[in-house]
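# A structural walkthrough
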Amino acid sequence: MLFFVLVLLAALLINMPLTHLLGMVKMPANIRIYQPQGSLISGRIGGIEINRFMLRDLEYEADLSCLLTLGVCYQVSNPYGSLQVRHEPLAGSTELTQVNIEFPLQDLSRMLGRI
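In this report, we go over the structure that sits alongside the text. Small disclaimer: the values here were computed from a predicted structure and weren't measured. (Residues numbered from 1 in each chain as written. Predicted model: local features only at pLDDT ≥ 70, side-chain atom pairs only at ≥ 80, totals over all residues. Heavy atoms only, no water.)

## Here we look at unusual backbone geometry
The residue Gln35 is not glycine, and still its phi comes out positive at about 50°. By the secondary structure assignment, Gln35 is in strand 1 (residues 31–38). Residue classification places Gln35 among the exposed positions, given a relative accessible area of 60%. Positive phi, normally seen in glycine, also occurs at Gln98, with a value near 50°. The residue Gln98 is located in strand 6 (residues 93–101) in this model. With relative accessibility at 58%, the residue Gln98 sits in the exposed group. (Helix = DSSP H or I, 4+ residues; strand = E, 2+ residues; numbered from the N terminus. Buried < 20%, exposed > 50% of the residue type's maximum accessible area, 1.4 Å probe, protein only.)

Printed below as a string of structure tokens:
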């Protein structure tokens, strides 16, 4: 019975809409997320702003194999490229790997002008 309840709770958490999950997480003041859609496993984000640096039209997909090492991993992509994010909650560390992002010069100069 306990196993069934734990599986049910895990399924509810995984399928919960991203907007509800973000409401439970305290985000740093320098990070803003716009138009989240989807679940914990996969979805889309209209934009994420980090220190006034904006990335738009993001799609993400969880890599569930990271759960075996107690990590949380995502493949993130947008029209400009892709990257992998790995977060290890026990160590409190976050790592970006396989970063391959290109920006049109017009967009890049606009972003650098705000820094």
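## Some remarks on the layout of surface pockets
Looking at the largest pocket, its volume works out to about 1300 Å³. Residue lining of the largest pocket: 42 residues in total, with Ile33, Ile45, Val72, Tyr74 and Val85 positioned closest to the centre. Contributions of two or more residues to the lining of the largest pocket are made by helix 2 (18–24), strand 1, strand 2 (42–50), strand 3 (53–63), strand 4 (72–78), strand 5 (81–88) and strand 6. Sort the elements by how many residues they give to the lining of the largest pocket and strand 3 lands first, with 7 residues. Tallied by class, the residues present in the lining of the largest pocket amount to 31 nonpolar, 8 polar and 3 charged. (1 Å grid on protein atoms, 1.4 Å probe; cavity = no way out; pocket = protein on both sides within 12 Å on 5 of 7 lines; lining within 4 Å. Points joined across faces, edges and corners; volume = space filled by probe spheres on them. Nonpolar A, V, L, I, M, F, W, Y, C, P; charged D, E, K, R; others polar.)

## Notes on helix 1 (residues 2–15)
Over its 14 residues, helix 1 runs 20 Å from end to end, which matches the ideal 20 Å to within 8%, given 1.5 Å per residue. Where burial is concerned, little of helix 1 is hidden: 0 out of the 14 residues are buried. (Expected span 1.5 Å × (residues − 1).)

## Quick look at a nonpolar patch on the surface
A contiguous nonpolar patch, built from Met1, Leu2, Phe4, Val5, Leu6, Leu8, Leu9 and Leu12 and spanning about 890 Å² of accessible area, is present on the exposed surface. Looking at where Phe4 falls in the secondary structure, it is placed in helix 1. (Patch = residues over 30% accessible without salt bridge, like charges linked within 9 Å, V, L, I, M, F, W, Y side chains within 5 Å. Areas by Shrake-Rupley, 256 points an atom, 1.4 Å probe, with all protein chains shown as cover. Salt bridge = Lys/Arg side-chain N within 4 Å of Asp/Glu carboxyl O.)

Read these as geometric descriptors, not functional statements.
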